[in-house]
Amino acid sequence: MTGGAVVAGGALAATTPLTGLSAAHADTVLPTPLAATDPEPNIERSKHWWPAQRNVWTPIGWKGHLFRFNCVYNGALICDPSWVLAAKPNTDQYRGKNFQTTVVMPLRGGGYRDFPNSVREVWDDDLGYRQQGWEEESDAPVLWTEFRRQEGLIIKQSVFAHVPGNQPVETAIEPIYSWTRFEVTYVDPLNAPKDFVFQLWLSGSYMKPMGPFQEENGVPLTVLPETAPILAGLTMGRVWNPTGKPITVPITIGPDNKVQAMVITADKGSIAMSENPKVKGVYDLRLGLPVQVGAFVDVLIPMIPQPLADAKAEAALGRDGALAQCQGYWKENAATLATVDTPENYVNQVMRRGPQLAQVVAEKSPDTGMFTFLSGSYAYDALWSTPTSMVSHMFLDRIGFHDVVEQHIEIYKVTQGTRIPPGIAFTGGSYPGYLSTPKTLQAIDWMSDHGAILEILSVHALLTNRPAFITKWTDVIVKACEYIVQACALTNHSGVKGLMPPGHSTDEGVETQGMVSQCWTYKGLATAVEFLQRIKHPRAAEFATFADTFRATFGQAIRDLADRSQKWTDPQGKQWPVLKPQFAGDGVWDSFTIFDSGALMAVWAGLLPASDPLMKSFVEFFRVGPNTKLFDAVHHHALDRAILDHEQSSSEPCYSWNMFHTWQLGDRAHYIEGLYGLLTGGLSQDTYISSEHRHAIYGNLFSHPIITWCLLHSVIDDSLVPNQLQLLRLCPLEWLSGKKQTRFEKVPTKFGPVTLRFKLEGRGHDTLKVEFHGDWHHKPGRVVVETPPRPGLKWIVVNGNRYRAGRRIEL
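A quick note: this is a predicted structure, and the numbers were derived from the prediction, not measured.

Here we come to the overall build of the protein chain. The number of helices and strands found in the protein chain is 17 helices and 38 strands. In terms of principal-axis extent, the alpha carbons of the protein chain reach across some 80 × 70 × 55 Å. For the protein chain, the share of sequence-separated contacts (at least 6 apart) that also reach a separation of at least 24 residues comes to 67%. Roughly 29,900 Å² of accessible area belongs to the protein chain as shown, and the carbon and sulfur atoms make up 52% of that amount. In the protein chain, 73 positive and 81 negative side-chain charges are present, and the distance between their average locations comes to 5 Å.

Right, dumping it as structure tokens:
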């Protein structure tokens, strides 16, 4: 089995370049091992491991607002205040009040394509790709989409959201507008037209995520033509503009003539609107502009149609005026925020835009006045507390967004003890310590939710050491521990006694005694015990003893499960168990939950060490086992048999629990591959938005937490050894630069904020200069600096003290 190096059994998958394929495989994407002599992965190398992601959509909005715009990869802007896969009561009143603009460029030879008249995947029309990105010079998130036209010009669409007044939300249903600019950014100097006209379809939202789960079509955006017509009708008054100067043109909806869109025409531009000749209720808006660099037309769209006077006031501010306001709003200035600045700009931008997206994929619920993170935008605009908990304890809290986390978890204090856990065994009982998703935000309750919420609270207390938070939440944490003891004492079920009883472990709709429930429960309990021990709580020892018993019971249960499991044969001919993702009950989607919510979680949870043969062999099952023979990177979808593809789950990347195995083992080759695999394969490489699974269900932050945790722990590790801080243990070699200092500043740890800076110096870059400082609230017992395995590195200088490289340095 693997021991930390690149070995034949632990294939490090890469995508074969087309130039390296034989004729027989010229139309196929095949996984193939990286050679041991290949350079260590970095962003630019890892970008080429994957077929490009299709189907991307990215939310555009305002922190905590109930509504979000969603910009599709092809520039389509979906303005839907209510459509979700799991409906929420507080948006029901807005159902059907949606709008969409779709960019339609002229056909070769003239004219425009017909509006779609059949149900099909959106990517059928354009392969699912277009170049997008964020305006890097802008603090405000401004998303651009590029249209390279063979007529001889490039048009760049850019979009951002603005709330008049530029203040934090109060009601969370304040008017919110999207500003979209279409600008000429390049003109062919040899052959280009004088003017250019393109079209926007104005319609109801007709691109919806749907899940056939056939071949590559997991949950693609799907064209539903019947939802496109605007039944109330649109009206644009007659336009007379003999001077050709920019004018503001309102487009109104229905009999009350509220503004659905507002166009500020281009200088010397044109505008015309008519109902689509083939689809009643869909409108063709044609916008012309001169083909000159800098020429532009602006389109202003309110999420909910607004009175003419209000829309005119926003338009009078102008796109540049609105954006200037947004810059101040989005500039983060909390004193606790960490800085991550590496030689890889892609990494820096992920860490810059991720927290913004997290605060957009959230809401201040108008019905309660309380903030909450959400599980997604335009698909999962509700709350699955288990995966969404990671946005707090693995992501935002780990980079210093402590105030944001506290603001968004208050809901759990209010709802503690108000609901019944999702399992028959709990029927008729009272559970005052149970932490759960508020009913008004609920998507599907999981048995793991309680442990996940407890993990949020306990990690936050450990990282921040804030007295006010500790005073306010300690009783909540104690009651949550009491609930776990109470639940594990139940015997009215057929599962393993002493563990969490069967219940709804996932979205499968059946009751199982799932691994996911046990692992999240124990993880939350163990972290709570660590916190209670720190504050010397009188019940800390009691809960610690119970946690030890839980861990022992789990250990015996998983070995009993191994004894009755099917076996697979590894490349050396040895047989190992294939562990089902539950101790009792039958799952529906075991082909992938065996990975995503199965036994591999036990290492992260602290229930088993990564060195346990059961764990080492099970990771290898996903690297080289039978599932890998059936894997097809192009046609794979999330319900297919899971494998490790570049050390990333081929099902849902956010559940790549193997990363905690390679981290704990010090398996650098697999850890670095997995880190870069997640950075470039679990996110859109253009907008850094996460996917639940590749090519499907975007608009979420699912992969950001594991990326952030692994990225930070590669250089500043407060988790491997109790009361010990390890520095540079798994640092990517790409971050060792002689040109730029790598900076991790004010990174929260359990001991206090840590600043670590490093840069190569000396002849041949043989010296690594390290600056380190800790602002301790609990000083670690040891601080250890490891030597990165850079060839030619001879010296490490830490805070002016010189050490020979290759030795473990204790500060």
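So, on to the pattern of salt bridges. A full pass over the atoms with the stated rule returns 38 salt bridges. Measuring nitrogen to oxygen at the nearest pair gives 2.8 Å for the salt bridge that ties lysine 88 to glutamate 363. In this pair, lysine 88 sits in the loop between β5 (77-79) and β6 (99-104) while glutamate 363 sits in strand β22 (residues 362-365), placing the two residues 275 residues apart along the sequence. The same class applies to lysine 88 as to glutamate 363, namely buried. Notably, a salt bridge pairs arginine 113 with aspartate 125, separated by 3.6 Å at the nearest N-O pair. With arginine 113 in the loop between β6 and β7 (120-121) and aspartate 125 in the loop between β7 and β8 (132-134), this pair connects stretches of sequence that are 12 residues apart. Look at the salt bridges and you will find they share partners, linking Asp341, Lys740, Arg743, Glu745, Arg757 and Glu771 into a network.

Another aspect to go through is the sheet that holds strand β37 (residues 801-804). The mixed open sheet is built from 6 strands, whose spatial order is β21-β32-β33-β34-β36-β37. Whereas interior strands pair on both sides, the edge strands pair on one side only; in this sheet they are β21 (339-341) and β37. Direction aside, the axes of adjacent strands within the sheet are offset by 15 degrees on average.

Another point: the confidence of the model for the protein chain. Put simply, the protein chain has an average pLDDT of 94, and 96% of its residues get 70 or more. Note on residues 1-28: pLDDT is under 50 here. Beyond four places in sequence and across chains, it has 60 contacts.

What follows deals with the packing of aromatic side chains. Under the counting rule described, the total for this entry stands at 34 aromatic pairs. When the ring of phenylalanine 618 is compared with that of phenylalanine 621, the centres are 6.0 Å apart and the planes differ by 20 degrees; the resulting orientation is stacked. Remark: phenylalanine 621 and phenylalanine 618 occur in helix α13 (residues 613-624); sequence separation between them is 3 residues, near one turn of the helix. As far as burial versus exposure is concerned, phenylalanine 618 and phenylalanine 621 are alike and both buried. What links up through ring pairs into an aromatic cluster is the set Trp520, Trp604, Tyr655, Trp657, Phe660, Trp663 and Trp709. It is arginine 54 that lies over the ring of tryptophan 123; its NZ or CZ is 3.8 Å from the centre. Seen from the ring of tryptophan 795, arginine 802 lies directly overhead, with NZ or CZ sitting 4.4 Å from the centre.

Before going further, it helps to examine a positive patch on the surface. A cluster of basic side chains, namely Arg763, Lys794, Arg802, Arg804 and Arg807, defines a positive patch on the protein surface. What makes arginine 807 exposed here is its relative accessible area of 55%.

Our next topic: helix α7 (residues 449-464). With 16 residues, α7 ought to run about 22 Å at 1.5 Å a step, and its terminal C-alpha atoms sit 23 Å apart, in line with that. In terms of residue burial, α7 counts as a mostly covered element, since 16 of its 16 residues are buried. In the segment just after α7, asparagine 465 is the residue with positive phi, at about 55 degrees.

Take the packing of helix α5 (residues 385-396) against helix α17 (residues 704-713) next. As a packed pair, α5 and α17 sit with axes 8 Å apart at the nearest point and diverge in direction by 20 degrees. Accordingly, the angle class assigned to the pair α5 and α17 is roughly parallel. The crossing of α5 and α17 is left-handed. For the pair α5 and α17, contact is made by Met390, Val391, Met394 and Phe395 and by His704, Pro705, Ile706, Thr708 and Trp709, respectively. Here the contact of α5 with α17 is composed, by residue class, of 7 nonpolar, 2 polar and no charged.

Rules and cut-offs
Residues numbered from 1 in each chain as written. Predicted model: local features only at pLDDT ≥ 70, side-chain atom pairs only at ≥ 80, totals over all residues. Heavy atoms only, no water. Helix = DSSP H or I, 4+ residues; strand = E, 2+ residues; numbered from the N terminus. Contact = heavy atoms within 4.5 Å. Areas by Shrake-Rupley, 256 points an atom, 1.4 Å probe, with all protein chains shown as cover. Lys, Arg positive; Asp, Glu negative; His and termini not counted. Charge placed at Lys NZ, Arg CZ, Asp CG, Glu CD. Salt bridge = Lys/Arg side-chain N within 4 Å of Asp/Glu carboxyl O. Buried < 20%, exposed > 50% of the residue type's maximum accessible area, 1.4 Å probe, protein only. Pairing = 2+ DSSP bridges. Axes fitted to C-alpha atoms, helices over the stretch in contact; angles between N-to-C directions. pLDDT = per-residue confidence, 0-100. Phe/Tyr/Trp six-rings, centres within 6.5 Å; stacked < 30°, edge-to-face > 60°. Lys NZ or Arg CZ within 6 Å of the ring centre and 35° of its normal. Patch = residues over 30% accessible without salt bridge, like charges linked within 9 Å, V, L, I, M, F, W, Y side chains within 5 Å. Expected span 1.5 Å × (residues − 1). Parallel < 35°, antiparallel > 145°, perpendicular 65-115°, else oblique. Left-handed = near helix turned anticlockwise from the far one by under 90°. Nonpolar A, V, L, I, M, F, W, Y, C, P; charged D, E, K, R; others polar.

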